[in-house]
Amino acid sequence: MEKIVKKRVGIIVDSTSVSKQLGDLISLSKQSDNYEITSLVINNIVRKRSNIALQISSYIRRRGIKKFLDNAFFRIVCKVESTVVKRISKLNKFFSITQLNKKDFVTIVVKPLISKSGLVYRYNKEDIKRIKELDLDLLIRGGSGILRGEILDVCSNGVISFHHADNDINRGGPPGFWEVYEKIPRTGFIIQRLKNELDGG
């Protein structure tokens, strides 16, 4: 019988501390006969510390006071909800963090070129070359940023990303909100192959 060659998959992450959900995906992948997660591509992101008051005033100038208050209120609601969820025994691990062991993967550290908005991530030629040398069939976006440029074509099957909600019904966050608001009895999700156009995959 011919041996099945497993597809080689890598995950782009911001650190070896990942969400429970990403940790579960990696654990479950060990049971697959079709693919294996062989590599971690870790974004080396230097977060600049800046004055909170300056950040707030800059945000208000750009987006307006109403948007700032909406955002602040939403963050408070999220904090309260996460505190409540952690007290429910069936859900208390939902926000937990999984620590990955670098020794379990081929690991490279790259430095994304981040746009002024902080939203779009691109990679320089040298990092693209190093990622290509991993000889992966697929990359999974498990970190920050909207990926653009050569990174999207570095693997034969591209880069995939998980998106909350079903784009045919609604787009945009927060996850699960519109389904509850519209009294839709279920929610969906998208596994999307990324392209340079936002939500165009």
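A brief report on the enclosed structure follows. Note that this is a predicted model, so its numbers are computed, not measured.

Right, let's get into the side chain of serine 32. Mapped onto the elements of the fold, serine 32 is located in the loop between helix 1 (20-29) and strand 3 (35-43). From its side chain, serine 32 meets the backbone nitrogen of tyrosine 35 in a polar contact 3.3 Å long.

This part is about unusual backbone geometry. In this structure, aspartate 135 takes a positive phi of about 55 degrees despite not being glycine. Topologically, aspartate 135 is positioned in the loop between helix 4 (125-132) and strand 8 (138-141). Its relative accessible area of 56% is what places aspartate 135 among the exposed residues. For lysine 183, which is not glycine, the phi dihedral falls at a positive 60 degrees. The residue lysine 183 is located in the loop between helix 5 (177-181) and strand 11 (189-193) in this model.

Further remarks concern the pattern of salt bridges. The tally for this structure, following the rule as stated, stands at 5 salt bridges. In this structure, aspartate 70 and lysine 66 form a salt bridge, with 3.0 Å as the shortest nitrogen-oxygen distance. In this pair, aspartate 70 and lysine 66 both sit in helix 3 (residues 65-85), 4 residues apart, roughly one turn of the helix. For aspartate 70, a relative accessible area of 39% corresponds to the partly exposed category. Overall, the relative accessible area of 59% leaves lysine 66 in the exposed class. Between lysine 125 and glutamate 150 there is a salt bridge; the shortest N-O distance is 2.8 Å. Note that lysine 125 is positioned in helix 4 and glutamate 150 in the loop between strand 9 (146-147) and strand 10 (159-164), a separation of 25 residues in sequence. Assessed through its relative accessible area of 62%, lysine 125 is described here as exposed. Judged by its relative accessible area of 35%, glutamate 150 is partly exposed.

Parameters at a glance
Residues numbered from 1 in each chain as written. Predicted model: local features only at pLDDT ≥ 70, side-chain atom pairs only at ≥ 80, totals over all residues. Heavy atoms only, no water. Helix = DSSP H or I, 4+ residues; strand = E, 2+ residues; numbered from the N terminus. Polar contact = N/O pair within 3.5 Å; in protein donor to acceptor, adjacent residues only side chain to side chain. Buried < 20%, exposed > 50% of the residue type's maximum accessible area, 1.4 Å probe, protein only. Salt bridge = Lys/Arg side-chain N within 4 Å of Asp/Glu carboxyl O.

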